[in-house]
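# Analysis of the macromolecular model
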Amino acid sequence: MGIPVFILAGLLVHCVFLVSIFEIYFSSPLVHGMTPQQTLLLPPAKRLVLFVADGLRADSLYELNSNNMPQAPYLRGILENNGSWGISHTRVPTESRPGHVALIAGFYEDVSAVAKGWKENPVEFDSVFNESKYTWSWGSPDILPMFAKGATGDHVYTFCYTAESEDFGAQDAAELDMWVFDHVKSFFNSSRSNQTLFSALNEDKVILFLHLLGIDTNGHAHRPNSREYKENIKKVDEGVKEIALMIDNFYGNDGKTAFILTSDHGMTDWGTHGAGHPSETLTPLIVWGAGVNYPQKVTSQFFEDNFLQEWKLENLKRLDVNQADIAPLMASLIGVPFPLNSVGTLPLEYLNNSAHFKAESMFTNAVQILEQFKVKMSHKKETTLSFLFTPFKPLSDSEQINFLKKARLYIQQQKYDEAVSLCKTLINLALEGLSYYHTYDRLFLGLSIAVSFVGWTAYVILVIIKTYTNLTKTIQANKESTVLFYSFAFVGMIIAFFLLIQTSPWTYYIYCLLPVPVWYAVVRELPVIQDLAANLLSLHISQTVGFLLVCTLGIEILVFSFFYRSALTIGLLLFAGWPVITQLWVQAKTTTLIWILLCVLLAVFPLMPVVGREPNIPLVIAAGLLTLLISCFSLASPCNSKNKYRNNEDLKVHFYQMLSVTLSTYVVSSTHDSLKNKQGLPILNQIISWMTLVSSSVLPLLSPTFLFQRLFSILLSLMSTYLLLSTGYEALFPLVLSGLMFVWISMEQEALQHYGLSLKPKLAVFNFTCATDITQFRQLHLDDVRRAFFFVFFIVTAFFGTGNIASVNSFDPASVYCFLTVFSPFMMGGLLLLKVVIPFVLVSCAFEAVQVTTQLSSKRVCSWSLPMKTGL
C-alpha cells in the first residue's frame, strides 16, 4: 500500500471510528407508533400556566438574602401558603433545548440535537403542547419554534422577540422578561375585543407558556451572584405575581387554573452551564392552583444536602422530581394525553385529588411507557434472528398482561395504594426494558469497532517498522496468497449475509465489515511480524521491561490527564528532568536551564482554575504587553540581525503584527470597560476584532522563511487573535507554550548530536524554502518514539492546559464578546473552537520544524504518533 493510499485509508477508518461513537452510544431513544393514553376522569384544571425562568438556580430562588428576606417574596409566599415545592433534577447536557424538551415532552434529548444548535428538531416528538387544545407561548426564538414545528395542526402559537434582542452586552437583559410579561398582558386585553380569541381562551386544555430568558442572559454576562442576576429574579417574581392575578381576574377566579414555575437548567458560579455540577442540575419547582396540594407541614425530613436548613424550609415538605416528571404532571392537571415519548413518572404528591384519580392517572402513565417498550421490543425483534433474540425477561408478554390485569383489578376493588405501587413497579421495569432494547446492539457493535481499532493500530505499527526502520529483513514482494484472500472474502460474505437477513441499517455493514480488510492487511504482513518477534527476543530482558514500563507510565499520564488536569503537571515536571537523566545538560547547559524553567512554568497552568471562572482582564493586557516586549527584543537581538529581515517588506510585516497585538490589547480592555458600564460592544472594536481575525491567517505567509522567524511570525498573528478570545490567565498560555516549543526544537538538535544520528544543523540560518534533500532522510531510531510521545503530550497539554474545553460547561460567552454579544450558538461555537485550535497550531508548527531539522521525513514521526493518538 502506497503512502497516499495509506493516508487516505487512515482518514476513512478514523472517520468511521468517530461516527460510530454517536451511532453506538448517542443514538435517538425515540420510537414511533404508540397509541395516546389519557385518563378519562375529569381533570382538576381547565388551563395551565407554565413559567420557565431560563438559567434559574434552585438556591438563587429559595435562599434568603443578607437581610434574611426572600429573593422572590411572592413565590416564597406561594410555597409557604398555597402550593407545593421541590427541586427538579435535570440531566447533562444542562442546556436550554434539552431542558425544555424534558419539561414539555417528557424525555431526555439525544446529543444529535447539538448539530442544529439545539434549535431544530432532529427527530419529531410529541409534547404536552401538541396534546393541548390551544397553546400560546411567549419568549425566545431559540426555544418556542421547535414545539410549534413539531405540533400536529394549527393550535400552538408563538410570540417571539427578535434574535438580536438576546444581547449579552445589553443595558438590562431583564427587559427580555419584561417584554414577555407586557405582551401577555396586551394579549389578554386584546382578547376582550376579539370574540374568537376570547372563546378559545375559555376552552378546556389550554396552556400558556412564558419563557423568561433574562435570568440566563444576566447570569452569563454578570454571574449568578451579581446584583443584576438577583434583581432579575425580583422582577420575574413581580411579573409572575402580576400575570397570576391578571389571569385569575380574567377567568373570574374560577379556581380552574394551575400554575407551574421551574427552570430548564441552573448555572455555575462563573456563569456557565452544560455539565453536571449541582448548581447546574438543581432547579426550582413551585406548583400551585387547581388540583395542586397545599403546603405539607413536617417535623423532619432527610436529604443528602443541607439546603433545607440554609433556605429555612425544613418544616415544609420538599418534593423532588426528575425534570421529565413535570410533563406527565402537566398532562394530568389539565387532562390531556401523556406525551407519547415521555419517560417521566407522575409525581402524585403534587396532586390534590381523589385516590381514584391518582390511581387512574398512574395506570395511564404506566400504560403509556409500556407502549413505548412494546414498540421498541417489536422493532428489535423484527431485525434480529429468532434464535438470537434475547427478550427482556422481567417484562415478557405474559408478565405485561399480568401487571395490567392486576393493576386494573386493584382499582376496581378500590385498593388504590396497591394499584399505584404496582404501576410504579411496572413503570420502572418498562424503563429498564426501554434501555435494554435501546442498547441491545451496543456490545456487538462495540466489539466490532474494538476489533477494527486494534487491527488498524497493529497495521500502522507494522507499516512503520517495515518502511522506516531496519528492524526487519528486506522482504521481497510476495505473491498474493489466494487462499488468504478468499478466506477473508468468505468471512466478509458471511457477515454481510447475516446482516442482510436481519435487515440491519447500512451503517451496521460498515462497522461489522471493517475488521475484515483491516485484519487482512495485518495478516499479509506476517513476515514483518516474524522478523519483529525475532528482534524482540534477541533484546536483553531488562531493556525490554524498562522500555515497556516507561511507555506504560507515559500513556497512563496521558489517560489520567483526561480526568485530572494535574496529571499534565506531573508529566511536564518529568519532562523537565529529561535532559538531566539523558546527560544532555552536559553539552547544552544554557538550553537545558531554559527548558527546565519553561517546563515548570507550563506545569503551573493545569493547576489553575478552569478558564472563565474568574475573569482577569489585567492579565490579558499583561500578556499583550509581554508579547510586544518580546517582539521588540527580537528586533533588537544582535544575533538575529544578519539574516532576520531580508528587505523592508519583512520589517513592515513584523511591525504590522506588532500593531495588531497592540490593537487587540486595547480592544480587550476597551470592550471590557464598555460592557462593564452597560454601553454594549463598540462597533469600532468589533470591526478591529474581525479584521484581526482575518489578517492573522494571512500575515505569517508574508513573513521571512527562516525557521525561528517564520515560527515567531505565526505566534504573533495567533496571539493577536487569542488575546481577543481571552478573559484571564489563559492569555499567557500560548506565550509559555511557544517558548517551550522553541526550546524543544533546540533540544532535539542536541539530542540528535548526542546519539550520533546526525550533525547538528545551524538553526539560525535554516530556511524552509531550501529544497530538502531526501537522500539525507535517516531511518527511525528508538529516540523517535520519545519524540513522537512528546508531540502527543504537548497536543494534550494544548487541549487541557487551561481547562477541560471538551466540556460544554467550559464555554464562557465572555470569551467572544470582542466579536459579538448577540447570542449565536454556531458563531460563538466556531470562535471557541478557534480558541481551542490556536495552541494546537503552535505545537504542530513546532513539531514540523523538529522533523525537518532532525532530517526526518514528516510522514515518519507522524506515523509513530498516530497509534498513540488513536489509542487515546
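Higher on the page you've got the structure.
Okay, so let's go over this structure. Residue indices follow the written sequence of each chain, beginning from 1 at its first position. Where local features are concerned, this predicted model is filtered to residues with pLDDT of at least 70; where side-chain atom pairs are given and counted, the filter is 80 or more; whole-chain, interface and lining totals use all residues. Side-chain metrics rest on all non-hydrogen atoms present in the structure, leaving aside hydrogens and water.

## A few points about the pairing of strand E7 (residues 282-289)
Burial status follows relative accessibility: with a 1.4 Å probe on protein chains alone, a residue under 20% of its type maximum counts as buried, one over 50% as exposed, and anything between as partly exposed. For helices the rule is a DSSP run of H or I covering at least 4 residues; for strands it is a run of E covering at least 2, with both sets numbered from the N terminus onward. Burial runs high along E7: seven of the eight residues are buried. Strand pairing is assigned whenever DSSP detects at least two bridges linking the two strands. Sheet topology note: the strand E2 (residues 83-89)/E7 ladder contains seven bridges and is antiparallel. If you follow Gly-86 over to E7, its bridge partner there is Leu-285. Two elements, strand E6 (residues 257-262) and E7, share five bridges in a ladder whose sense is antiparallel. Paired with Ile-260 across the strands is Val-287, a residue of E7.

## Details of the environment of Gln-400
Position of Gln-400 relative to the elements: it lies in helix H15 (residues 397-412). In this structure, the C-alpha to C-alpha distance between Gln-400 and Ala-430, residues 30 residues apart in sequence, is 9.4 Å. With residues near it in sequence (within four places) discarded, Gln-400 still touches Leu-370, Phe-373, Lys-374, Met-377 and Leu-395. Within the structure, the side chain of Gln-400 is placed 3.1 Å from the backbone oxygen of Leu-395, a separation counted as a polar contact. Working rule for contacts: check all heavy atoms of both residues, and any pair within 4.5 Å makes them a contact. Whenever a nitrogen or oxygen atom comes within 3.5 Å of another N or O atom, the pair is scored as a polar contact, on the condition that within protein one atom can donate a hydrogen and the other can accept it, and that pairs from neighbouring residues in sequence are kept only if both atoms are in side chains.

## Some thoughts on the packing of helix H23 (residues 566-576) against helix H31 (residues 782-800)
Angle between the axes and distance between the axes: these two values describe a pair of packed helices. Angular values range over 0 to 180 degrees, each being the angle between N-to-C directions of two axes fitted as lines to C-alpha atoms, with helices fitted over their stretch in contact. It is the contact of H23 with H31, at a shortest axis distance of 11 Å, that shows an interaxial angle of 140 degrees. With respect to H31, the element H23 is oriented oblique. In this structure, H23 crosses over H31, and the sense of that crossing is left-handed. Contacts between H23 and H31 involve Leu-568, Gly-571, Leu-572 and Phe-575 on the former and, on the latter, Phe-789, Phe-790, Phe-793, Phe-794, Val-796, Thr-797 and Phe-800. By the convention adopted, Pro, Cys, Tyr, Trp, Phe, Met, Ile, Leu, Val and Ala count as nonpolar, Lys, Arg, Asp and Glu as charged, and the other residues, Gly among them, as polar. The residue makeup of the contact of H23 with H31, split by class, is nine nonpolar, two polar and no charged. Convention used here: angles under 35 degrees read as roughly parallel, angles over 145 as roughly antiparallel, angles from 65 to 115 as roughly perpendicular, and any remaining angle as oblique. A clockwise turn of the near helix away from the far one marks a right-handed crossing, whereas an anticlockwise turn of less than a right angle marks a left-handed crossing.

## A look at the packing of helix H22 (residues 541-561) against H31
Packing of H22 against H31 brings their axes to within 10 Å, and their N-to-C directions diverge by 10 degrees. Considered as vectors, H22 and H31 are oriented roughly parallel to each other. Where H22 approaches H31, its residues Phe-547, Gly-554, Ile-555, Ile-557, Leu-558 and Ser-561 are matched on the opposing element by Leu-782, Val-785, Phe-789, Val-792, Phe-793, Val-796 and Phe-800. Counted by class, the contact of H22 with H31 contains eleven nonpolar, two polar and no charged residues.

## Digging into the nonpolar core
In plain words, nonpolar cores are sets of buried Ala, Val, Leu, Ile, Met, Phe, Trp, Tyr and Cys residues tied together by side-chain atoms within 4.5 Å. Membership of the largest hydrophobic core comes to 70 residues, with the highest contact counts inside it found for Leu-48, Leu-50, Ile-260, Phe-373 and Leu-395. Looking at which element gives the most residues to this core, the answer is helix H16 (residues 416-438), with eleven residues. Apart from the residues within four sequence positions on either side, Phe-373 is in contact with Phe-392, Leu-395, Gln-400, Ala-430, Gly-433, Leu-434 and Tyr-437. With 52 residues, the next largest nonpolar core counts Ala-58, Leu-261, Trp-288 and Leu-313 among its residues.

## Points about the pattern of salt bridges
Throughout this description, the term salt bridge denotes a Lys or Arg side-chain nitrogen within 4 Å of a carboxyl oxygen of Asp or Glu. Counted under the stated rule, the structure contains 20 salt bridges. For the salt bridge of Asp-254 with Arg-47, the shortest nitrogen-to-oxygen distance reads 3.0 Å. On the criterion of sequence distance, the pair formed by Asp-254 in the loop between helix H10 (227-250) and E6 and Arg-47 in strand E1 (residues 47-53) is long-range, its members being 207 residues apart. Notably, a salt bridge pairs Glu-242 with Lys-185, separated by 2.4 Å at the nearest N-O pair. Here Lys-185 lies in helix H7 (residues 175-191) and Glu-242 lies in helix H10, a separation of 57 residues in the sequence. For Glu-242, a relative accessible area of 39% translates into the label partly exposed. Lys-185 gets classed as partly exposed once you look at its relative accessible area, which sits at 24%. One connected set of salt bridges, linked through shared partners, spans Arg-57, Asp-59 and Asp-269.

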